[in-house]
Amino acid sequence: MKSKRLARLLLTSLLVASASSSHGPLSVIRGGAASAASALRNDGPLQTFVRTIQDSKRHLIAAACARSSSIFLMFPVDTIKTRIQMEQPNALRLTGLYNGVGGSLLGQVPYGVLTFGSYEMYKRALIQRFPNVKPVFMYAVAAVMGDLTGSGWLCPSEVVKQQMQAGMYSTTSEAVSSILRNKGIVGLYQGYFGGIARDVPFRVSQLCSYEITKNLYLRIKSRNHVTEQRRNRRRNEAPSKPLELSPLETAVCGAVSGSFSAAITAPLDRIKTLLMTDSSAYGGSVASCAAHIYRQRGLPGFFEGVVPRVVYIAPSVVCFFIVYEQVQQRLEQSWNK
């Protein structure tokens, strides 16, 4: 049972990806995972991917609506973060706060589908290849691999989005055509390895810190749970349900773990931003960009934009949770008629 819950946690962490960090708040939403039995089917990788998408249609639609809403709501914060990271004057100016939002939505929503489907594909293959390894470890590896798979689609939209946030272009079409004309298709993937260097540590930190936060919360909650069980025994009532997190409590734990992970990976996020907006000026690699930042600003330079990056997470969780639950309920009502 614990393995199934962790599978849902990992799947939804892929789907709730936010514009601020490409992966957003970690939260478990009811019905989020494809059946655990799918890992035992004799399907090939493509069949597993397609079956996962088909079996999770309602979840994907609700997640896409929720994700789009949270991205749109918090996009100005993401824009301010980009401006601060690029050390632009008057980063809080109101003009252009939504520059690049269209391209961001175009990249983020399909990215969720890719990571969701590929996660199931990798999970199945890993469990079959390493049957003696604990499933929870395979789920974590599959989640990271799902991120890497989706990054191929996400990177171009992130490059366009961040260059528009920086005020380099006024429209998406202008940005795409200019990048292709000056740098070719490679230009849409500048900063790709910077994104990977940020995303993998973020995912690992997010999963670990979520487990720690959840366990601490459950330890506090268990005190009331024990008292309730004793009261039920005295009254000869049925024992209370096993102790676990509600969806709302899970979202809160996800907000805490996401905020912490956003803070400690802020230096990597700044490197990714600088490489995506002007790769050649920073040497074109993660190492050269890090060296440039250190020479210019020292260690504090790596944490430019950390405040808006952290502030982004909690409201994103709340927005995603509310919209997801509303859309999921309405879809369930309409599809069951």
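Everything quoted here is computed from the prediction, not taken from an experiment.

Trainee: I'd like to hear about the overall build of the protein, residue by residue, with values.
Mentor: Counting its secondary structure elements, the protein contains 11 helices and 0 strands. N-terminal to C-terminal, the α/β element order of the protein is α-α-α-α-α-α-α-α-α-α-α. Counting all 337 residues of the protein, 50% fall into the buried class. Across the protein, contacts joining residues at least 24 apart in sequence account for 76% of those joining residues at least 6 apart. On the protein, roughly 15,800 Å² of surface is accessible, and the fraction owed to carbon and sulfur atoms is 63%.

Trainee: So what about a nonpolar patch on the surface? Which residues, and what values?
Mentor: Taken together, the side chains of L180, I185, V186 and Y189 present a nonpolar region at the surface, about 380 Å² in accessible area. With respect to the helices and strands, L180 occurs in helix α6 (residues 172-183).

Trainee: Describe α6, and please don't skip the residues or the numbers.
Mentor: Over its 12 residues, α6 extends 16 Å from the first C-alpha to the last, a length consistent with the 16 Å expected when each residue adds 1.5 Å. Of all the positions in α6, only A175, S178 and I179 are classed as buried. One face of α6 carries all of its buried residues, which in axial projection span an arc of 100°. Residues of α6 that are exposed and point more than 90 degrees away from the buried face comprise S173 and R181. In the segment just after α6, G184 is the residue with positive phi, at about 75°.

Trainee: Please provide a residue-by-residue account of the environment of Y98, values included.
Mentor: Here Y98 shows up in the loop between α3 (57-85) and α4 (101-129). For Y98, the residues in contact, after removing those within four places along its chain, are F72, L73, F75 and P76. Among the polar contacts listed, one links the side chain of Y98 to the backbone oxygen of F72, at a separation of 2.9 Å.

Rules and cut-offs
- Residues numbered from 1 in each chain as written.
- Predicted model: local features only at pLDDT ≥ 70, side-chain atom pairs only at ≥ 80, totals over all residues.
- Heavy atoms only, no water.
- Helix = DSSP H or I, 4+ residues; strand = E, 2+ residues; numbered from the N terminus.
- Buried < 20%, exposed > 50% of the residue type's maximum accessible area, 1.4 Å probe, protein only.
- Contact = heavy atoms within 4.5 Å.
- Areas by Shrake-Rupley, 256 points an atom, 1.4 Å probe, with all protein chains shown as cover.
- Patch = residues over 30% accessible without salt bridge, like charges linked within 9 Å, V, L, I, M, F, W, Y side chains within 5 Å.
- Salt bridge = Lys/Arg side-chain N within 4 Å of Asp/Glu carboxyl O.
- Expected span 1.5 Å × (residues − 1).
- Arc of directions from axis to C-beta.
- Polar contact = N/O pair within 3.5 Å; in protein donor to acceptor, adjacent residues only side chain to side chain.

Remember, this is a structural readout, not a statement about activity or role.
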